[in-house]
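Descriptive analysis of the structure
Now for the letters of each chain:
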Amino acid sequence: MDYQVVVVGGGPGGYVCAIRCAQLGLRVGLLEERELGGVCLNWGCVPTKALYAATKLIERASTADEMGIGFPPPSIDLTKLAAWKARVVSKLVGGIETLLDKNGVDVHRARGRLDGSGRVALASGETLTAERIVLATGSSPIEIPGFPFDDPLVWSSDDALALTEIPDRLVVIGGGVIGLELATIYRRLGSSVTVIELLPEILSAVDLDRRTLGVVKRSLAEQGIDVRTGTAADSYEPAKDALAVRLNSGESLEADRVLLAVGRRPNTADLGLASVDLEPEPSGVLAVDDSLETRARGVHAIGDLVAGPMLAHKASAEGVALADALAGGETRVLDHETIPQAIFTDPEIASVGLSERAAKERGREILVGRFPYAALGKALGMRDASGFFQIVADAGDHRVLGAQIVGAEASDLISEAAVALQAGLTLEAIADAVHPHPTLPEGLKEAAENALGRAIHTVNR
Ligand SMILES: Cc1cc2nc3c(=O)[nH]c(=O)nc-3n(C[C@H](O)[C@H](O)[C@H](O)COP(=O)(O)OP(=O)(O)OC[C@H]3O[C@@H](n4cnc5c(N)ncnc54)[C@H](O)[C@@H]3O)c2cc1C
C-alpha cells in the first residue's frame, strides 16, 4: 500500500501526528501493534491519574472528621476499581479510534519494522511504502540485573496498574516520578511502602528547587512512606511466600512485591533501523535534527523515542509540529524548557521553565516571588492548604523564566505559567490580570505580585 506518511506507533505522539497529517490532506497509514493511545492511555498517564483520583477519596474521607463529617473505614473492591479504571481507559481509546477513522487515517493493527528506505514491513508479510516514515514507538520499563520482570513477585508499572492485588508490603525501587506516583497510590490503598532511591535525592531528573522537594518529602513521611535515598537494591531472594530485598547497606527488606521503576528506555529493538543505516545513541534515544528527522532521509522520530522529557504532551506537541512541517509548513522547534511537567504525588508538584537554582546557575539576575497555599481562602476551605506557588522572572525585563507549584491541583494550575513562559509574558501580565476570588489560581498572581514587591497578602521582601 502506498502512503505519503506512515506512522509507526499509535501513542500520543503517533496518533496525534497521524490525525494532523490527515487533516492537512496527507495520505496516512498508522501502525499499532497493541492498543491505540499507547502507554499514556493504557498503562501510563490515564490509569495512574484515575487511580490517583480514586484513592484520594480514601485519604479525604479518612481525614474529614476535622470538618465534622465522618465516614466508616473504606472498603476497597479491587475488581470494581480495576473495572472502573478500564472503563475510563476504553472510553478514551474508543474516542481515538473514532477520530482516526473520521479523519481518514488508515489504521493497521500490526507490528511494523523498517525495510529499507521508504518501506515498512508488517508482521503479516504486507509492505507499506511511504515518502516519509514517522517512528513513534515509545518506550518500555527498564529491567535491572537481579530483578527480572518475568518473576511475578517483581512488578513493572504495567503490573502495578493491572490492580491484581494490594500487597501488604511493597518495596518500590526508584524514587522518580513513576515510582513515587505508584507509591502514593498503593500507600492509600493500604500497602506499607518503602521507596529505595540510588541517588542522594528523589525526583532528581526533574529541575525542582529544594524548598519544593521539602514539601513533598515531609508529606511522604507523614503518609508513612519510608523513602531511603542513597541506597541501592542489589538483589532479592524468596522468603516465606514473599521476598527479601537486599540493600547495599547490608540490610534486607521483607516485601510481598517489589515494583521496579528505575526509568524507561526507547523502543528501538527489532525496528529495522539497520536497514536504513540507523542506530540508537548509547542512551537509547534516536538522534534527530530540528525537523525531527533522523540521519536517514525521510525517516523521522518523535516522543519517548527521541531526547527530551518522556511526557505525553511533549510527544503530541512533536507530532503536531512534525505533521505541519511534512505538509509543507515551517519547521517549528519545540523548546523543551516551555514544556510543563506535573507529578502526581500528594501534594502534586508541577513545574515549567527554570527553577530558582537553575536560573542562578546560569548567571541570571532574577526576581523570585512565592505565595503559600495556607493564605488562599479556597485552599483552606478545601482543607488542602500545604505547599506554595513560586515564580521566577528576569530581574531586568520581568519576563517569566519559570514556575513551580507544589500543592492542591498544581497540575491544573501550572498552565497559566506555561502560557506566560511560551508567550514571553512578564510578571506584570500575571499580577495585573484580575483573577476570580476565591480560587487557587490567585496563588500565581499573588506570587507574581510578591516578586514585584507589591504583594498585599504576603509581606514583601
Ligand atoms: C506509569 C506511567 C505514568 C505516566 N504518567 C504520565 C503523565 O501523567 N503525564 C505525561 O505526560 N506522561 C506520563 N507518562 C509518560 C507517557 O506515557 C509517555 O511519555 C508517552 O506515552 C509517550 O508517547 P509516545 O507516543 O512516544 O509512545 P507510547 O505512548 O509508548 O506509544 C508507542 C506505541 O507504539 C506501539 N509500538 C511500538 N513498537 C511498535 C512497532 N514496531 N509497530 C507498531 N507499533 C509499535 C506501542 O504498542 C505503543 O502503543 C507516564 C508513563 C508511565 C509508564
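Keep in mind that what you see is a predicted model, and the values were worked out from it rather than measured.

What follows covers the site of the ligand. In the vicinity of the ligand, 38 residues are found, and the nearest of them are Gly13, Glu32, Lys49, Asp304 and Ala312. Taking Lys49, its side chain carries an N or O atom lying 2.7 Å from an oxygen atom of the ligand. Interatomic distance of 2.9 Å between a backbone N/O atom of Gly112 and a nitrogen atom of the ligand. Its free accessible area being 1,000 Å², the ligand has 94% of it covered by the protein chains. If you list the elements that add at least two residues to the shell around the ligand, you get α2 (38-43), α3 (45-62) and α8 (312-326). In terms of residues, the shell around the ligand owes the most to one element, α2, which gives four residues. A breakdown of the residues in the shell around the ligand according to their chemical character gives 15 nonpolar, 15 polar and eight charged.

Once that is clear, we can look at the pattern of salt bridges. Counting across every chain of the model gives 32 salt bridges. Note that Arg257 is salt-bridged to Glu165, the shortest N-O span being 2.7 Å. Here Arg257 is found in strand β15 (residues 257-260), whereas its partner Glu165 is found in the loop between α5 (157-161) and β9 (169-173), with 92 residues between them in sequence. Residue class for Glu165 comes out partly exposed when judged on its relative accessible area of 28%. Here Glu201 and Lys217 are joined by a salt bridge, their closest N and O atoms 3.0 Å apart. Within this pair, whereas Glu201 is found in the loop between β10 (192-196) and α7 (210-222), its partner Lys217 is found in helix α7, the two being separated by 16 residues in sequence. On the basis of relative accessibility, which here comes to 36%, the residue Lys217 falls in the partly exposed class.

Attention shifts here to the sheet that holds strand β12 (residues 233-239). If you trace the three strands from one edge of the open sheet to the other, you get β12-β13-β14, paired in antiparallel fashion. Either end of the sheet is taken by a strand with one partner, and the two such strands are β12 and β14 (252-255). With direction set aside, neighbouring strand axes in the sheet form an average angle of 25°. Relative to β14, strand β13 (residues 242-247) runs antiparallel, the two sharing four bridges. Paired with Arg246 across the strands is Ser252, a residue of β14.

With that out of the way, let us pick up the sheet that holds β10. The five strands lie next to each other as β8-β15-β9-β10-β11, forming an open sheet whose pairing is parallel. Where the open sheet ends on each side, the last strands, each with one partner, are β8 (154-155) and β11 (226-228). Pairing geometry for β9 and β10, over five bridges, is parallel. Of the residues in β10, the one forming a bridge with Val171 is Thr194.

Another point: the state of the cysteines. A complete count under the given rule lists one disulfide for this structure. One disulfide in the model links Cys40 with Cys45; its S-S distance is 2.3 Å. Judged by the sign of its S-S torsion, about -130°, the bond between Cys40 and Cys45 is left-handed. Cysteine Cys17 remains unbridged, with the sulfur of Cys21 as its closest cysteine sulfur at 4.2 Å. By relative accessible area, Cys17 is classed as buried at 0%. A residue is classified by how much of its surface remains accessible, and Cys21, at 0% relative accessible area, is buried.

Next up on the list: the packing of aromatic side chains. Under the defined criterion, the tally for this structure stands at four aromatic pairs. Ring plane angle 55° and centroid distance 5.5 Å describe the contact between Trp155 and Tyr186, whose orientation is recorded as tilted. In this pair, Trp155 is assigned in strand β8 and Tyr186 in helix α6 (residues 177-189), connecting sequence segments 31 residues apart. Judged on exposure class, the residue Trp155 and its partner Tyr186 are both buried. With centroids separated by 4.7 Å and ring planes inclined at 20°, the aromatic side chains of Tyr373 and Phe389 adopt a geometry described as stacked. With a gap of 16 residues between them, Tyr373 in the loop between β20 (366-372) and α10 (377-382) and Phe389 in strand β21 (residues 388-394) connect regions that are remote in the sequence.

Right, let's talk about the packing of α3 against helix α4 (residues 78-102) for a bit. Interhelical geometry of α3 versus α4 gives an angle of 135° and a closest axis separation of 10 Å. Here α4 runs oblique to α3, going by the angle between their axes. Considering how the two elements wind past one another, α3 and α4 form a crossing that is right-handed. Along the contact surface, α3 presents Val46, Pro47, Ala50, Leu51 and Ala54, while α4 presents Leu81, Trp84, Lys85, Val88, Val89 and Leu92. Of the residues contributing to the contact of α3 with α4, the split by class is 10 nonpolar, no polar and one charged.

Judged by nonpolar contacts, the single largest core of 34 residues is most densely connected at Leu163, Tyr186, Val193 and Leu203. Every element with two or more residues in this core is listed here: α3, α4, α5, β9, α6, β10 and α7. Not counting chain neighbours up to four residues away, the residues in contact with Val193 comprise Leu170, Val172, Ala183, Tyr186, Arg187, Gly224, Ile225 and Asp226.

This part covers a nonpolar patch on the surface. On the surface, a cluster of nonpolar side chains totalling about 300 Å² of accessible area is made up of Met67, Ile69 and Phe71. Within the fold, Phe71 resides in the loop between α3 and α4. For Phe71, a relative accessible area of 52% corresponds to the exposed category.

Once that is clear, we can look at the pairing of strand β5 (residues 119-122). In the case of a regular strand, side chains alternate between the two sheet surfaces. Pairing between strand β4 (residues 112-114) and β5: three bridges, direction antiparallel. Bridging from a neighbouring strand, Arg113 pairs with Ala121 of β5. Where β4 hands over to β5, the hairpin turn is made up of four residues, of which Gly116 adopts a positive phi near 90°. As paired strands, β5 and strand β6 (residues 127-135) are joined by three bridges and run antiparallel to one another. In the strand pairing of β6, Arg119 is matched with Thr129. Connecting the antiparallel pair β5 and β6 is a turn made up of four residues, with Gly125 showing a positive phi of about 105°.

Procedures and definitions
- Residues numbered from 1 in each chain as written.
- Predicted model: local features only at pLDDT ≥ 70, side-chain atom pairs only at ≥ 80, totals over all residues.
- Heavy atoms only, no water.
- Near = heavy atom within 4 Å.
- Polar contact = N/O pair within 3.5 Å; in protein donor to acceptor, adjacent residues only side chain to side chain.
- Areas by Shrake-Rupley, 256 points an atom, 1.4 Å probe, with all protein chains shown as cover.
- Helix = DSSP H or I, 4+ residues; strand = E, 2+ residues; numbered from the N terminus.
- Nonpolar A, V, L, I, M, F, W, Y, C, P; charged D, E, K, R; others polar.
- Salt bridge = Lys/Arg side-chain N within 4 Å of Asp/Glu carboxyl O.
- Buried < 20%, exposed > 50% of the residue type's maximum accessible area, 1.4 Å probe, protein only.
- Pairing = 2+ DSSP bridges.
- Axes fitted to C-alpha atoms, helices over the stretch in contact; angles between N-to-C directions.
- Disulfide = S-S within 2.5 Å.
- Phe/Tyr/Trp six-rings, centres within 6.5 Å; stacked < 30°, edge-to-face > 60°.
- Parallel < 35°, antiparallel > 145°, perpendicular 65-115°, else oblique.
- Left-handed = near helix turned anticlockwise from the far one by under 90°.
- Contact = heavy atoms within 4.5 Å.
- Core = buried A, V, L, I, M, F, W, Y, C linked by side-chain atoms within 4.5 Å.
- Patch = residues over 30% accessible without salt bridge, like charges linked within 9 Å, V, L, I, M, F, W, Y side chains within 5 Å.

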